[in-house]
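Listed here are the chains, written in short residue letters.
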Amino acid sequence: NSYSLDANALVFAEDIFGAQYFFDLRGNRRVVKMLNIDTGKTSLCSNNFEDFLEDVIIRCDFNSSLRDLAKRFLQQCNFDSLEFKHISYKVPLILGGSSVEIANMELVNSLTNLTLLGQIVAQAKKLPPGTKIDNFRIENQN
């Protein structure tokens, strides 16, 4: 709900960072779109499902920098399973966090990541462009 996806969006996949891949069921053309959960913006990913499989799943050069970053992070993690997990940013990107520093990453429950980040993105969307966000606290809830 925080990302404004409705019943017309058929989400069928996500990556380790939480990007959501979906069909927009309103049109006749079945292009694959991607929701960037860090910005709340959607974009065209592939012209059809076959291209999605080739571009995103099979070819290793698609998003190779993100794949390499995920591999480096996961090599440093102590985890039992990646099931229902996302690599998330301790300080979200929309609040000025780094997208390349492994120290800013953590492995979190995917539903928690989508829910909390979605709330932050939804609130930030209402702000005028260029608004500086400061005086926020991120507390560890362990």
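Residues numbered from 1 in each chain as written. Predicted model: local features only at pLDDT ≥ 70, side-chain atom pairs only at ≥ 80, totals over all residues. Heavy atoms only, no water.

Caption draft 1: Focus on the sheet that holds strand E4 (residues 41–46). The sheet built from four strands is open, its strands ordered E1-E2-E3-E4 with antiparallel pairing. Here the strands that pair on one side only, and so sit at the sheet edges, are strand E1 (9–14) and E4. Each adjacent strand pair in this sheet contributes to an overall mean axis angle of 35°, direction not counted. Of the pairings in the sheet, the one linking E1 to strand E2 (residues 20–24) comprises five bridges and is antiparallel in character. What sits directly across from Leu-10, in E2, is Phe-23. Against the sheet, helix H1 (residues 49–58) makes contact with E1, E2, strand E3 (32–36) and E4, and its axis sits at roughly 90° relative to E4, the strand it touches most. (Pairing = 2+ DSSP bridges. Helix = DSSP H or I, 4+ residues; strand = E, 2+ residues; numbered from the N terminus. Axes fitted to C-alpha atoms, helices over the stretch in contact; angles between N-to-C directions. Contact = heavy atoms within 4.5 Å.)

Caption draft 2: Region of the structure containing the pairing of E3. In terms of strand pairing, E2 meets E3 through four bridges, oriented antiparallel. By the bridge assignment, Phe-23 is partnered in E3 with Val-32.

Caption draft 3: Representation of unusual backbone geometry. Even without being a glycine, Ser-4 presents a positive backbone phi close to 65°. Residue placement: Ser-4 occurs in the segment before E1. Residue classification places Ser-4 among the exposed positions, given a relative accessible area of 59%. At Phe-84, a position not held by glycine, the phi torsion is positive, near 60°. Position of Phe-84 among the secondary structure elements: in the loop between helix H2 (64–76) and strand E5 (85–89). (Buried < 20%, exposed > 50% of the residue type's maximum accessible area, 1.4 Å probe, protein only.)

Caption draft 4: Main features of the packing of aromatic side chains. With the rule as written, the count across this model stands at seven aromatic pairs. With a centroid separation of 6.3 Å and an interplanar angle of 20°, the aromatic rings of Phe-17 and Tyr-89 are classed as stacked. Residue Phe-17 is located in the loop between E1 and E2, and its partner Tyr-89 is located in strand E5; the two are separated by 72 residues in the primary sequence. Aromatic pair Phe-23 and Phe-49: ring centres 6.1 Å apart, planes at 45°, arrangement tilted. Residue Phe-23 is located in strand E2, and its partner Phe-49 is located in helix H1; the two are separated by 26 residues in the primary sequence. Residue classification places Phe-49 among the partly exposed residues on the basis of a relative accessible area of 33%. Grouping aromatic residues by their ring pairs yields a cluster made of Phe-12, Tyr-21, Phe-23, Phe-49 and Phe-52. (Phe/Tyr/Trp six-rings, centres within 6.5 Å; stacked < 30°, edge-to-face > 60°.)

Caption draft 5: A look at the nonpolar core. Counting residues in hydrophobic clusters, the biggest one holds nine residues: Phe-17, Leu-69, Ala-70, Phe-73, Leu-74, Ile-87, Tyr-89, Ile-102 and Met-105. Those elements giving two or more residues to this core turn out to be H2 and E5. With four residues, the top contributor of residues to this core is H2. Not counting the four nearest positions on each side in its chain, Ile-102 is found in contact with Leu-69, Arg-72, Phe-73 and Gln-76. (Core = buried A, V, L, I, M, F, W, Y, C linked by side-chain atoms within 4.5 Å.)

Caption draft 6: Looking closely at the pattern of salt bridges. For the coordinates displayed, the defined rule picks out three salt bridges. Between Arg-26 and Asp-24 there is a salt bridge, with its nearest N and O atoms 2.9 Å apart. Where Arg-59 meets Asp-55, a salt bridge forms, and the shortest distance between an N and an O atom there is 3.3 Å. Residue classification places Arg-59 among the partly exposed residues on the basis of a relative accessible area of 35%. By sharing partners, the salt bridges in this structure join Asp-24, Arg-26 and Lys-33 into a single network. (Salt bridge = Lys/Arg side-chain N within 4 Å of Asp/Glu carboxyl O.)

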